[in-house]
Amino acid sequence: MALSRIYASKLACAANKNSLPVIATFVRNASDSTDLKAVLTEKIPKEQERVKNFRKQHGNTKVGEVTVDMMYGGMRGIKGLVCETSVLDPDEGIRFRGLSIPECQQVLPKAPGGQEPLPEGLFWLLITGDVPSKAQVDALSREWANRAALPSHVVTMLNNMPTSLHPMSQLSCAVTALNHESKFAKAYSEGVHKSKYWEYVYEDSMDLIAKLPVIAATIYRNTYRDGKGIGAIDPKKDWSANFTKMLGYEDEKFTELMRLYLTIHSDHEGGNVSAHTVHLVGSALSDPYLSFAAGMNGLAGPLHGLANQEVLVWLQKLRKELGDNASEDKVKEFIWKTLKSGQVVPGYGHAVLRKTDPRYTCQREFALKHLPNDPLFGLVSNIYKVVPPILTELGKVKNPWPNVDAHSGVLLQYYGLKEMNYYTVLFGVSRALGVLASLVWDRALGLPIERPKSMSTDGLMKATSK
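Here the structure is a predicted model, which means the values were calculated and not measured. (Residues numbered from 1 in each chain as written. Predicted model: local features only at pLDDT ≥ 70, side-chain atom pairs only at ≥ 80, totals over all residues. Heavy atoms only, no water.)

Enquirer: Hey, could you go over the overall build of the protein for me, with residue numbers and the actual values?
Expert: Helix and strand counts for the protein come out as 22 helices and three strands. The C-alpha radius of gyration of the protein comes to 22 Å, within 12% of the 23 Å expected for a compact globule of 466 residues. A total of 466 residues make up the protein; the buried ones form 52% of that total. Long-range contacts, defined here as pairs at least 24 residues apart, represent 76% of the contacts in the protein between residues at least 6 apart. Carbon and sulfur atoms provide 54% of the accessible area of the protein, an area that totals close to 21500 Å². With 55 positive and 48 negative side-chain charges, the protein shows a separation of 3 Å between the mean positions of the two kinds. (Helix = DSSP H or I, 4+ residues; strand = E, 2+ residues; numbered from the N terminus. Rg over C-alpha atoms; globule rule 2.2 N^0.38 Å. Buried < 20%, exposed > 50% of the residue type's maximum accessible area, 1.4 Å probe, protein only. Contact = heavy atoms within 4.5 Å. Areas by Shrake-Rupley, 256 points an atom, 1.4 Å probe, with all protein chains shown as cover. Lys, Arg positive; Asp, Glu negative; His and termini not counted. Charge placed at Lys NZ, Arg CZ, Asp CG, Glu CD.)

Enquirer: Explain the environment of V68 to me, and be specific about the residues and the numbers.
Expert: With respect to the secondary-structure elements, V68 resides in helix 4 (residues 68-72). Counting along the chain gives 393 residues from V68 to M461, while the straight-line C-alpha distance between them is 9.5 Å. With residues near it in sequence (within four places) discarded, V68 still touches L460 and T464.

Enquirer: Provide a residue-level description of the nonpolar core, including the pertinent values.
Expert: Formed by 120 residues in total, the largest nonpolar core has its most connected members in F123, F243, L315, L417 and Y422. Counting residues per element, this core draws most heavily on helix 11 (residues 197-224), at 15 residues. Taken domain by domain, the makeup of this core includes at least three residues from each of domain 1 (71-303 + 421-461) and domain 2 (305-415). In contact with L315, not counting residues within four places along its chain, are L376, L379, V380, I383 and V410. (Core = buried A, V, L, I, M, F, W, Y, C linked by side-chain atoms within 4.5 Å. Domains from an automatic or database assignment.)

Enquirer: Go over the packing of aromatic side chains, please, and point to the residues and values.
Expert: Counted according to the given criterion, the structure contains 15 aromatic pairs. Taking the centre distance of 5.6 Å and the plane angle of 80° together, the rings of F184 and Y197 count as edge-to-face. Taken together, the positions of F184 in helix 10 (residues 183-189) and Y197 in helix 11 put the pair 13 residues apart, joining distant regions of the chain. You can call F184 buried: its relative accessible area is 2%. Ring plane angle 50° and centroid distance 5.6 Å describe the contact between Y220 and Y224, whose orientation is recorded as tilted. On the criterion of helical spacing, the pair formed by Y220 and Y224 is a turn pair, its members being four residues apart in helix 11. Residue Y224 is classed as partly exposed on the basis of its relative accessible area, which comes to 24%. (Phe/Tyr/Trp six-rings, centres within 6.5 Å; stacked < 30°, edge-to-face > 60°.)

Enquirer: Quick rundown of the sheet that holds strand 1 (residues 86-89)? Include the residues and the values.
Expert: Taken together, three strands build an open sheet; the order of strands is 1-2-3 and the sheet is antiparallel. Looking at which strands have only one partner, the edges of the open sheet turn out to be strand 1 and strand 3 (99-100). Where strand 2 (residues 93-96) lies against strand 3, two bridges are found, and the strand directions are antiparallel. Note that in strand 3 the partner of F96 across the bridge is L99. (Pairing = 2+ DSSP bridges.)

Enquirer: Could you give an account of a nonpolar patch on the surface, with specific residues and numbers?
Expert: A cluster of nonpolar side chains, contributed by V66, V68, M71, Y72 and M455, occupies part of the molecular surface with about 450 Å² of accessible area. Tracing the chain through its elements places V66 in the loop between helix 3 (36-58) and helix 4. Using a relative accessible area of 51% as the deciding quantity, one classes V66 as exposed. (Patch = residues over 30% accessible without salt bridge, like charges linked within 9 Å, V, L, I, M, F, W, Y side chains within 5 Å. Salt bridge = Lys/Arg side-chain N within 4 Å of Asp/Glu carboxyl O.)

Enquirer: Please set out the pattern of salt bridges residue by residue, giving values where relevant.
Expert: Scanning the entire structure with this criterion turns up 20 salt bridges. In this structure, R147 and E203 form a salt bridge, with 2.9 Å as the shortest nitrogen-oxygen distance. A residue pair is termed long-range when its members are at least 10 positions apart, and R147 in the loop between helix 7 (134-146) and helix 8 (152-159) and E203 in helix 11 qualify at 56 residues. Like E203, R147 is buried. Note that E256 and R259 form a salt bridge whose closest N and O atoms lie 2.8 Å from each other. With E256 and R259 both in helix 13 (residues 252-264) and three residues apart, the pair spans about one turn of that helix. Each member of the pair E256 and R259 is classed as buried.

Enquirer: Could you give an account of the pairing of strand 1, with specific residues and numbers?
Expert: Residues S86 and L88 line the buried face of strand 1, whereas the alternating positions V87 and D89 sit on a face that is not buried. Direction of pairing for strand 1 relative to strand 2: antiparallel, over a ladder of four bridges. The residue of strand 2 that forms the bridge with V87 is R95. In this structure, the hairpin formed by strand 1 and strand 2 is closed by a connection of three residues.

Enquirer: Before we move on, can you summarise the UniProt feature "active site" (unreviewed entry) in the protein with the specific residues and values?
Expert: Mapped onto the present numbering, the UniProt feature "active site" (unreviewed entry) falls on H304, H350 and D405. Across 102 residues of sequence, these annotated residues stay compact in space, with a maximum C-alpha separation of 10.6 Å. Summarising the element assignment, H304 is placed in the loop between helix 15 (288-299) and helix 16 (307-322). In contact with H304, other than residues within four places in its own chain, are N272, V273, S274, G298, L299, D405 and R431. With respect to the helices and strands, the residue D405 is situated in helix 20 (residues 405-414). Among the residues examined, D405 registers a relative accessible area of 9% and is labelled buried. (UniProt positions renumbered as here; feature names shortened; annotations may be inferred.)

Enquirer: Help me get a handle on the domain arrangement of the protein, residues and values and all.
Expert: Each domain of the protein was delimited in the assignment, giving domain 1 (71-303 + 421-461) and domain 2 (305-415). Contact residues are listed per partner, giving 34 residues for domain 1 and 27 residues for domain 2. Of the roughly 2700 Å² buried between domain 1 and domain 2, counting both surfaces, carbon and sulfur atoms make up 65%. There are zero salt bridges connecting domain 1 and domain 2. At the junction of domain 1 and domain 2, the tally comes to six residue pairs in polar contact (both at pLDDT 80 or more). Residue assignment for the side of domain 1 that touches domain 2 shows that the elements contributing at least two residues are strand 1, helix 5 (101-107), helix 13 and helix 21 (423-444). At eight residues, the largest contribution of residues to the side of domain 1 that touches domain 2 is made by helix 13. Looking at the side of domain 1 that touches domain 2, its residues break down into 16 nonpolar, nine polar and nine charged. (Buried area = accessible area lost by both parts, 1.4 Å probe. Polar contact = N/O pair within 3.5 Å; in protein donor to acceptor, adjacent residues only side chain to side chain. Nonpolar A, V, L, I, M, F, W, Y, C, P; charged D, E, K, R; others polar.)

Shown next as structure tokens:
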């Protein structure tokens, strides 16, 4: 089945108010093969031809307009990128290959006894456009387990980094050092034909995704624990279960949380800083390790992946001043004080979304199920009632609703992972699924080096005076 028809069927189901049970029976995997690369090898020529024909017919068709405010405002809203893996709708939120988060929670395979989707299934969906079978997901779990071992030079580097170095800096350094093992870089240096680029980007991407939990767990153990070894990967466990075991956590509910966390943070279309950076650096034919490391340096910024840490700092300040059982009136007073001091309420608002982030909602549902009486969760719930009306009254905020960062740190704190500086590393491990799936398709479709045109203010003034 062509990808276009897969998308159309999913979107048609999504438009139906009773879509969830329909999707569960209607969406099928296009191939029974458990070999992901073989599935892609079959799909890519068809998609290349579809894109080629579309460009031939509509290459000069204009899509949208660019305003001066867009140019000065960080290119906000400019339609200028292609991203196949996900689309962000202002009202509905994220859709992964046409499927919403609740739909993914229903149709993607789960671990035995588990209720949350396995990230392996989300990766299969992102990179192929198909909902995978349990057998396909299990095969992917085993393949990542087999690719997970780190080169000795990376282990030595990680073990010799100062514990005072921020975990995101350690992650970026380790991923960059893996460039030494790049199959794409080696093939390119040997003159491989450009039609084969995607195969080597795929191999590097699979290796990198497999190794990221090992890198991340090593950083955690070295920085916050005893520094002892993380233990061996168990090929019988899924990607998230191996990760939590290496971190040193045995609670199955925490593993379930990690499966949910790694799934919902994986992709957010192509224009966010981390995704765009990976695409941009990859467009120069830098290998996946260098491209992903660049994206992680962007994710480390306080306006992107570091935001969940800022939410917790603010919550702790609120708790210290008001306690756990503060009334709504006291919370309102604290929020107004925050806003009048020129600060923002962290975790609220979004560049694109205009309603509550579905990633916030599914984390809230997890909390209601597993930690309904946690004081910090109770505080977050109270803030959820209070903040949107205040921001609406303020009149300057386009989206007064909570985003993903308003909730994620609370859940991690509950299960004992209290080291806030580490949270963005978890975000980075998850984000690899989306940006690397996109990178494979960037090379499969032969997308060129990215080079937008810039103008000076004088040039803009001249152009707008005509």
